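Each chain, letter by letter, is given below.
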Amino acid sequence: SMPRCPDGPGCTGPGGTQFTPSRLYDFDSYTTRSYVKQAFLDMFPDRKHDVNEHVDPGEFGVESSESRYVCVFVFVVSMMSELQGIWSLGKLLCSVPSTAESWIHYEVPAWAPKSHIKQVHACTELDFVKLAVAGMDIKWKVLNFIFVLMPKVLIWAGMLLAGTIFLMETQGINHIV
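Parameters at a glance
Residues numbered from 1 in each chain as written. Predicted model: local features only at pLDDT ≥ 70, side-chain atom pairs only at ≥ 80, totals over all residues. Heavy atoms only, no water. Helix = DSSP H or I, 4+ residues; strand = E, 2+ residues; numbered from the N terminus. Rg over C-alpha atoms; globule rule 2.2 N^0.38 Å. Contact = heavy atoms within 4.5 Å. Areas by Shrake-Rupley, 256 points an atom, 1.4 Å probe, with all protein chains shown as cover. Lys, Arg positive; Asp, Glu negative; His and termini not counted. Charge placed at Lys NZ, Arg CZ, Asp CG, Glu CD. Phe/Tyr/Trp six-rings, centres within 6.5 Å; stacked < 30°, edge-to-face > 60°. Buried < 20%, exposed > 50% of the residue type's maximum accessible area, 1.4 Å probe, protein only. Expected span 1.5 Å × (residues − 1). Arc of directions from axis to C-beta.

**Describing the overall build of the protein chain**
Helix and strand counts for the protein chain come out as five helices and two strands. If you list the helices and strands of the protein chain from N to C, you get α-α-α-β-α-β-α. The C-alpha radius of gyration of the protein chain comes to 30 Å, more than 25% above the 16 Å expected for a compact globule of 177 residues. Expressed as lengths along the three principal axes of its C-alpha atoms, the size of the protein chain is roughly 95 × 35 × 35 Å. Pairs at least 24 apart in sequence give 68% of the contacts found in the protein chain among residues at least 6 apart. When the accessible area of the protein chain is evaluated, it comes to approximately 12300 Å², of which 67% is carbon and sulfur surface. Of the charged side chains in the protein chain, 14 are positive and 18 negative, and the gap between their average positions amounts to 9 Å.

Written as structure tokens, this is what we have:
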């Protein structure tokens, strides 16, 4: 936290210098100030020492770790529904029999002729088509595992990691809560 800085643990910012309240900026200001410093260094390479001594871009970083933990918790909770979907797909792939079976059936009720049913109930041929989960050949299960389930898991994990890093390293996140 800021009261321990600049000499406490965790007081080094992304720019590699120590946090102090007077040197803490939002990300936009920090990047602009860093750009200006780099421009001076590029324009006056022979005065590198002077530029480094007199131009300080400051730092950006955590002001309240507790608010960041709350933000990360809310983010992780919002990602749980996608994890449940991935889990359901995995359970489906495991529970469906590994024999090739038809997932589509054509069912005409036996209580009357098809033409009468279509006329009375205003049905079409598609109304007699029924879909159901049935067996899946092992080759299709493996392909679904490799090309559907695993990419979903990797994308979910990548989003979780990227979102957590974003929330923990973005200075102005306190204003979002």
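**Observations concerning the packing of aromatic side chains**
We describe a pair of aromatic rings using the distance from one ring centre to the other and the angle between the two ring planes. Inspection of the entire model under this criterion finds two aromatic pairs. When the centroid spacing of 6.4 Å and the interplanar angle of 25° are considered together, the rings of F40 and F44 count as stacked. Note on Y106 and F128: the rings are 6.2 Å apart at their centroids and 70° apart in plane angle, and the pair reads as edge-to-face. With Y106 in strand β1 (residues 104-106) and F128 in the loop between α4 (114-121) and β2 (129-131), the pair connects residues that are 22 residues apart, well separated along the chain. By relative accessible area, Y106 is classed as partly exposed at 44%.

**Remarks on helix α1 (residues 27-43)**
Residue pairs spaced three or four apart in an α-helix point in one direction, given the helix's 3.6 residues per turn. Taking 1.5 Å as the rise per residue, α1 with 17 residues should run 24 Å; its terminal C-alpha atoms sit 24 Å apart, in good agreement. Within the span of α1, buried status applies to Y30, K37 and L41. In a view along the axis of α1, the buried residues occupy a sector of 45°, so they form one face of it. Facing away from the buried surface of α1 by more than 90 degrees, the exposed residues are D28, Y35, D42 and M43.

**A closer look at the environment of M168**
Mapped onto the secondary structure, M168 falls in helix α5 (residues 138-169). Relative accessible area serves as the criterion here: at 26%, M168 is assigned to the partly exposed category. Note: C-alpha distance between M168 and W103 (65 residues apart in sequence) is 47 Å.

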